[in-house]
Amino acid sequence: MKYLFFLFLSSFAVSFDVDNYLRVDIIESVNLKCKDHNEFHCNPYAILHLKLQNEKQTTSTIQCTKNPQWLSSFTFHPSFCHDILYVNLFQYFTQSDKEFFGASPDSDSFSKGFLSTGYLGRVVINLDKLPRGTFDEWFMVDNVEDDGYVHFPSCVHLRISYVSEVCRVNENNVYDIE
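Nothing here was measured: the structure is a model prediction, and the numbers come from that model.

A few points about unusual backbone geometry
Piece 1. The residue Asn31 is not glycine, and still its phi comes out positive at about 60 degrees.
Piece 2. Checked against the element boundaries, Asn31 lands in the loop between β1 (20-30) and β2 (44-50).
Piece 3. Residue Asn31 is classed as partly exposed on the basis of its relative accessible area, which comes to 26%.
Piece 4. For Leu71, which is not glycine, the phi torsion reads 50 degrees and is therefore positive.

Shown next as structure tokens:
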């Protein structure tokens, strides 16, 4: 009897996963604007999360580069059709970096609405504007600092697979919730 109950629960879980499924592969980033444009003190990592959910997923930290290759995959199960995916980019500071810059980036002021010294920018993606299926694309990073110089833009390479049986587009290209 326990075995049949387990089969019933596992089949329910699989069917639920198929309803709303978002897989984000963060492949690489190029030309990140690190503090003082010093590549030797640039240790970038990314935090991905959906606006309407508490779950956050983090890439590994890549040492000493402005062009990290993460090759990381993350899976989300969005609960809402109009959710927003955030890909926030940060610079990890080691103790020697803190001494080099003479700053104290220990406080996480980003979570309080202020930007911390390790914040590099972000990519914002509205799920209701995503095409269904898999696509591979470069996204420009919204950078915070403007030092007055002309720079090549920072970009993040993402491969996104999005399946949503809950949200469907009607004839007016408006999402209906079923």
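Focus on the packing of aromatic side chains
Piece 1. Summed over all chains, the structure comprises 2 aromatic pairs.
Piece 2. With centroids separated by 5.6 Å and ring planes inclined at 25 degrees, the aromatic side chains of Tyr45 and Phe90 adopt a geometry described as stacked. Linking Tyr45 in strand β2 with Phe90 in strand β5 (residues 84-91), this pair joins segments that are 45 residues apart in sequence.
Piece 3. Consider the rings of Phe90 and Tyr119, whose centres lie 5.6 Å apart with planes at 65 degrees: the pair is edge-to-face. With Phe90 in strand β5 and Tyr119 in strand β6 (residues 119-126), this pair connects stretches of sequence that are 29 residues apart.
Piece 4. Using a relative accessible area of 7% as the deciding quantity, one classes Phe90 as buried.
Piece 5. Every member of this aromatic cluster is reached through a ring pair, and the members are Tyr45, Phe90 and Tyr119.

Considering the sheet that holds strand β3 (residues 56-58)
Pairing between the strands of a sheet is mediated by backbone hydrogen bonds and can be parallel or antiparallel.
Piece 1. If you trace the 4 strands from one edge of the open sheet to the other, you get β3-β2-β5-β6, paired in antiparallel fashion. Of all strands in the sheet, those with a lone pairing partner are β3 and β6, marking the two edges. Averaged over all adjacent pairs, the angle separating strand axes in this sheet is 20 degrees, with direction ignored.
Piece 2. When β2 meets β3, the two strands line up antiparallel, connected through 3 bridges. Note on β3: the bridge partner recorded for Ile47 is Thr58.

Here's the deal with the pairing of β2
Piece 1. By the criterion of burial, β2 is predominantly enclosed, with 7 of the 7 residues buried.
Piece 2. Burial of the side chains of β2 extends over both faces: Pro44, Ala46, Leu48 and Leu50 are buried on one face and Tyr45, Ile47 and His49 on the other.
Piece 3. When β2 meets β5, the two strands line up antiparallel, connected through 7 bridges. The residue of β5 that forms the bridge with Ala46 is Leu89.
Piece 4. Here β2 hands over to β3 after 5 residues, the two strands then running antiparallel side by side.

Focus on the nonpolar core
Piece 1. Counting residues in hydrophobic clusters, the biggest one holds 27 residues, and the most contacted among them are Leu22 and Leu158.
Piece 2. Put simply, the parts of the chain that give this core at least two residues each are β1, β2, β4 (69-76), β5, β6, β7 (133-140) and β8 (155-164).
Piece 3. In this structure, Leu22 is in contact with Leu50, Phe74, Thr75, Phe76, Pro78, Leu127, Leu130, Ile160, Ser161 and Tyr162, ignoring residues within four places of it in sequence.

Side note on the pattern of salt bridges
Piece 1. Applying the stated criterion to the full structure yields 3 salt bridges.
Piece 2. Arg23 is the partner of Asp25 in a salt bridge, and the nearest nitrogen-oxygen pair spans 3.0 Å.
Piece 3. A relative accessible area of 9% places Asp25 in the buried class.
Piece 4. In the salt-bridge network here, residues are joined through shared partners; they are Arg23, Asp25, Asp136 and Arg159.

Definitions and limits used
Residues numbered from 1 in each chain as written. Predicted model: local features only at pLDDT ≥ 70, side-chain atom pairs only at ≥ 80, totals over all residues. Heavy atoms only, no water. Helix = DSSP H or I, 4+ residues; strand = E, 2+ residues; numbered from the N terminus. Buried < 20%, exposed > 50% of the residue type's maximum accessible area, 1.4 Å probe, protein only. Phe/Tyr/Trp six-rings, centres within 6.5 Å; stacked < 30°, edge-to-face > 60°. Pairing = 2+ DSSP bridges. Axes fitted to C-alpha atoms, helices over the stretch in contact; angles between N-to-C directions. Core = buried A, V, L, I, M, F, W, Y, C linked by side-chain atoms within 4.5 Å. Contact = heavy atoms within 4.5 Å. Salt bridge = Lys/Arg side-chain N within 4 Å of Asp/Glu carboxyl O.

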